[in-house]
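# Structural overview for review
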Amino acid sequence: MRLRTLLIWLAVVPTVAMGTQVAVTAERLLDQAEKLRSDVAAAEQVGAPLYTLMIDMQAERTATAARWAGADGSEGELRARRDATDLAAAEFRRLAVDPSRSFVDVTRLLEKLAGHRQRADTRNGSADSTLAYYSDVIGKVIQVYQQEFSHAEDAELAQASRPVVSMLQATEMVAREDTVLALAGPSGDLSYVGYDQFVSALGAQRYLHEALIVPHLTVRDQRAYERVVGSPEWQTKTRIESAVLSGHKDIATGIRLPAETGGWSAAHATFSVQMTTLNIDLARSVLARGEAKADELQAEVAWLIGGSAGGLLAVVIVVVFTTRSVLRRLDDLHERTVTVAEETLPEVVARLQRGQSVDPDALPTVSGDRDEVGRISDAFARAVAVSVDGHRELAAERHGFGLFASGIASRTGNLVSRQLSLTEDLQDTFGHDEALLAELMRADQLTVGMRRQIENLLILAGGEVPDPHTEPMRVADLLREAAAEVEDFRRIERQALDETSVEPSAISQISHLLAELLDNATRFSPPKSKVVIRAELVTDGLSVEIEDRGPRVSPERYEEMNGRLHEAPPYSVLAQNAHRLGLFVVGHLADQLRAKVTLRRSVYGGTSAVVILPRQLLVATDAQAPREIEPQARVLELLPAPAPTLALAAAVPSKPVAPEPAPDPEPAPVPEPVVHTSAGLPSRRTKAPAAVPAAPAAVPVPALVPAPAPAVRPALPERVPQTHIAEQLREPRAQERVVRPDTATPEEVADAWADYEQGTQTVEEELRRDQP
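All of the points below concern the structure found in this document.

To continue, consider the packing of aromatic side chains. Evaluation of the coordinates by the stated rule reveals 4 aromatic pairs. Consider the rings of Phe 92 and Phe 103, whose centres lie 6.0 Å apart with planes at 75°: the pair is edge-to-face. Here Phe 92 is found in helix H2 (residues 74–95), whereas its partner Phe 103 is found in helix H3 (residues 103–110), with 11 residues between them in sequence. With respect to class, Phe 92 is no different from Phe 103; both count as buried.

Once that is clear, we can look at the sheet that holds strand S6 (residues 500–502). If you walk across this open sheet you meet the 3 strands as S4-S6-S11, and the pairing is antiparallel. Both edges of this open sheet fall to strand S4 (473–474) and strand S11 (618–620), since each of them pairs with a single strand only. Sheet topology places S6 next to S11; 3 bridges connect them, and they run antiparallel. Bridge assignment links Ser 501 to a residue of S11, and that residue is Val 619.

Within the secondary structure, Ser 525 sits in the loop between helix H14 (507–523) and strand S7 (531–538). When its relative accessible area of 8% is taken as the criterion, Ser 525 is described as buried. One polar contact links Ser 525 to Arg 491, side chain to side chain, over a distance of 2.6 Å. A distance of 2.6 Å separates a polar atom in the side chain of Ser 525 from the backbone oxygen of Ala 521. When sequence neighbours within four positions are dropped, the list of residues in contact with Ser 525 reads Arg 491, Val 531, Asp 548, Arg 549 and Gly 550.

A separate point is the packing of helix H6 (residues 155–184) against helix H7 (residues 192–213). At their nearest, the axes of H6 and H7 sit 8 Å apart, and the two run at 155° to each other. Looking at the two axes, H6 sits roughly antiparallel to H7. Where H6 crosses over H7, the handedness of that crossing is left-handed. The segment H6 lies against H7, with Pro 163, Ser 166, Met 167, Gln 169, Ala 170, Met 173, Val 174, Arg 176, Glu 177, Val 180 and Leu 181 engaging Gly 194, Gln 197, Phe 198, Ala 201, Leu 202, Ala 204, Gln 205, Leu 208, His 209, Leu 212 and Ile 213. In terms of residue class, the contact of H6 with H7 is made up of 14 nonpolar, 6 polar and 2 charged.

It is worth spelling out unusual backbone geometry at this point. Backbone geometry at Arg 123 places phi at a positive 55°, although glycine is not the residue there. Here Arg 123 lies in the loop between helix H4 (113–122) and helix H5 (127–148). A positive phi angle is found at Arg 594, which is not glycine, with a value near 60°. Looking at the element boundaries, Arg 594 is found in the loop between helix H17 (581–593) and strand S9 (596–601).

Within this structure, the stated rule accounts for 24 salt bridges. Put simply, Arg 82 and Glu 60 hold a salt bridge, and the shortest N to O gap is 3.8 Å. On the criterion of sequence distance, the pair formed by Arg 82 in helix H2 and Glu 60 in helix H1 (residues 3–69) is long-range, its members being 22 residues apart. With a relative accessible area of 0%, Glu 60 lands in the buried category. Note that Arg 534 is salt-bridged to Glu 545, the shortest N-O span being 3.6 Å. On the criterion of sequence distance, the pair formed by Arg 534 in strand S7 and Glu 545 in strand S8 (residues 541–547) is long-range, its members being 11 residues apart. Given a relative accessible area of 17%, Glu 545 falls into the buried group.

Turning our eyes to something else, we now look at the sheet that holds S9. In spatial order, the strands read S5-S7-S8-S10-S9; together these 5 strands make up an open sheet with mixed pairing. The sheet is open, and its two borders are formed by strand S5 (492–495) and S9, each paired with just one other strand. Strand-to-strand, the axes of this sheet are offset by a mean angle of 15°, without reference to chain direction. Judged from the 7 bridges that link them, S8 and strand S10 (residues 607–614) form a sheet pairing that is antiparallel.

This next bit is on the side chain of Glu 485. Within the secondary structure layout, Glu 485 lies in the loop between helix H13 (475–484) and S5. Excluding its chain neighbours within four sequence positions, the residues that come into contact with Glu 485 are Gln 445, Val 448, Arg 451, Arg 452 and Ala 515.

Moving on to the packing of H7 against helix H9 (residues 232–247). Between H7 and H9, the least distance of the axes is 11 Å, while the angle of their chain directions is 135°. Comparing the axis directions of H7 and H9 gives the class oblique. Considering the relative orientation of H7 and H9, their crossing is left-handed. Residues Tyr 195, Phe 198, Val 199, Leu 202, Gln 205, Arg 206 and His 209 of H7 lie in contact with H9, whose contacting residues are Trp 234, Lys 237, Thr 238, Glu 241, Ser 242, Val 244 and Leu 245. For the contact of H7 with H9, the residue count by class is 7 nonpolar, 4 polar and 3 charged.

Grouped together as the largest cluster of nonpolar side chains are 44 residues, with contacts concentrated most on Ile 510, Leu 513, Leu 514, Leu 518 and Ile 546. Not counting residues within four places of it along the chain, the set of residues in contact with Leu 513 comprises Val 586, Leu 589, Ala 590, Leu 593, Val 597 and Val 611. The next biggest cluster of nonpolar side chains, apart from the first, holds 26 residues, and it includes Val 46, Ala 89, Leu 110 and Tyr 145.

Conventions used here
- Residues numbered from 1 in each chain as written.
- Predicted model: local features only at pLDDT ≥ 70, side-chain atom pairs only at ≥ 80, totals over all residues.
- Heavy atoms only, no water.
- Phe/Tyr/Trp six-rings, centres within 6.5 Å; stacked < 30°, edge-to-face > 60°.
- Helix = DSSP H or I, 4+ residues; strand = E, 2+ residues; numbered from the N terminus.
- Buried < 20%, exposed > 50% of the residue type's maximum accessible area, 1.4 Å probe, protein only.
- Pairing = 2+ DSSP bridges.
- Polar contact = N/O pair within 3.5 Å; in protein donor to acceptor, adjacent residues only side chain to side chain.
- Contact = heavy atoms within 4.5 Å.
- Axes fitted to C-alpha atoms, helices over the stretch in contact; angles between N-to-C directions.
- Parallel < 35°, antiparallel > 145°, perpendicular 65-115°, else oblique.
- Left-handed = near helix turned anticlockwise from the far one by under 90°.
- Nonpolar A, V, L, I, M, F, W, Y, C, P; charged D, E, K, R; others polar.
- Salt bridge = Lys/Arg side-chain N within 4 Å of Asp/Glu carboxyl O.
- Core = buried A, V, L, I, M, F, W, Y, C linked by side-chain atoms within 4.5 Å.

Worth remembering: the numbers are spatial, not functional.
Right under this line is the structure:
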């Protein structure tokens, strides 16, 4: 998961959680406000008729008790009270239509009102059972108030509504006292049950006033309550209650009340109205507080939503800016890291490998930032510094090894130059012995190969190929010089143009590159096959193609070898493929010359190596300029070969070469001192131009029998640079080519066959090594 996604989730999760919590809280508050408004509406709609029904039921109960006791005028009072009760009950039934509320219990009890009235009129049963029905209805009304309008969800409203319900219960207790006193009638006699009801009602109403009403009244309601209880009527009520408790008399049928109870009706008619007014005020106060509380809840919801939205917006803004800041810093760190990894560090490593100094400002530095991104940047800077130090040490070790290898190559090259000089002296001294001369030439050729291997070591060590040339060289001469470096040079067929020359500074490098490719082609192809090297101008410069008849190579193998040739491989790859230094040397030389070398399958099934030399290395050739021939190449051209036998002439074919007339003899030249190149390697010894005496033609001999030595010592050709050219290029040109007979001896044929077997074994071994 991306860091951007993690940061977004880091903001989304708390935002969603906070939003969910706000939504749940707002919904709960709105439900509570809606419940309050519903209770207020129900109280305003049903509460008043319900309270009126309770007052009328209390009055009808008292009138029923008086009618049962036979009080004067009680029948008319009872009729009036029943009419009032019927109106209140009808109004209540009309408004109390919500089945989800507890109004249905009151409605069910009201349906029995007519039966109880009839029993009271006929005095069927006892008075206590009839009066108990009215008490049940009134108790159910008080229970509805307690259930529907107590606001249990809100503690503040519940506290405010508690004195209202308690006041209703206290009013009911006083009404029950009034009913009991009315049941006593004019005689003032009560049964024991009636007296117990009076005492219980008196105790209950006093407890309610002292414990549940007065402590929970507000200051304003408490003042109104004190006005009611301080009125003369309430004081009369209290005196009569005390007189009943202390001044009653026991009689045979029950209890006889004192005479003071006669003032109860007048006092009750007054303080009951005051108490009813106080109850209504308390109920309205609770309803008003419920409405205000609902408004507060809605305002709280609005503030909650607004504040939460503002908080969420602030959180989103902070998260967005923080995320952008962190991601911007990380993007900057990523860009700097990529730049250092892809541009700065490779350039620094390349400079260190070239032995150049590195600018410390180009590398990332430790900033010392203490935050996470800064510490990551500092850690990367330390890693880069450690990497650069490692490459610096590795470059120093490689440079030291290069100097060490260059020193060894220089000393070994000096020995090789001395051996070449010794070989030339032996050729000059024993040139009359053709067999010995052939062996000396072969030793000379092996020594030249040793010199090329020493130059390979110098190239891989980071040095340069010694280049003694000061004048441009024709391409044909360059191909001949490259072919002269190969041991099996007779199999090489050259095709080149004369109108193009090569810069003197690149002659040795190009010659060495081509010599490596030619040596590879001759070693990995059948000994009787030809290796063709041709050069021609193309759009990009000079194309040199070397084609052999070697074994098949897979496309994957060509791709691998071309990868080594197109880019100079590191020394780690060189160490793993130490048995194939030729390709590495060619790759290094191609990299120095900015040339492109490509290996591919030829149309003959072998390998074709194509070298594209850039135009910057070419110069136009002056038609009148003398041609320069490397001394070794000229000796190979002018060396006479012994006559072949008929059986072996066809076995080892050689390129037909026209006979070359021998130059006039001149005095022996004075040997020149050994000249050293700029890289510390000695160059081949050269001699001043001198005339060469004519050599007699070789006489054919029978098969497998060496030719006898001539009586007179023949004069050998001298290696004189820039004075001899090949027979094919002499002017005027011959009309027909004279075929020289192949003069290979049996020893040479045996050596060639041994070389073929050795090359075949080498190829098989390398193919087995390449297989997975």
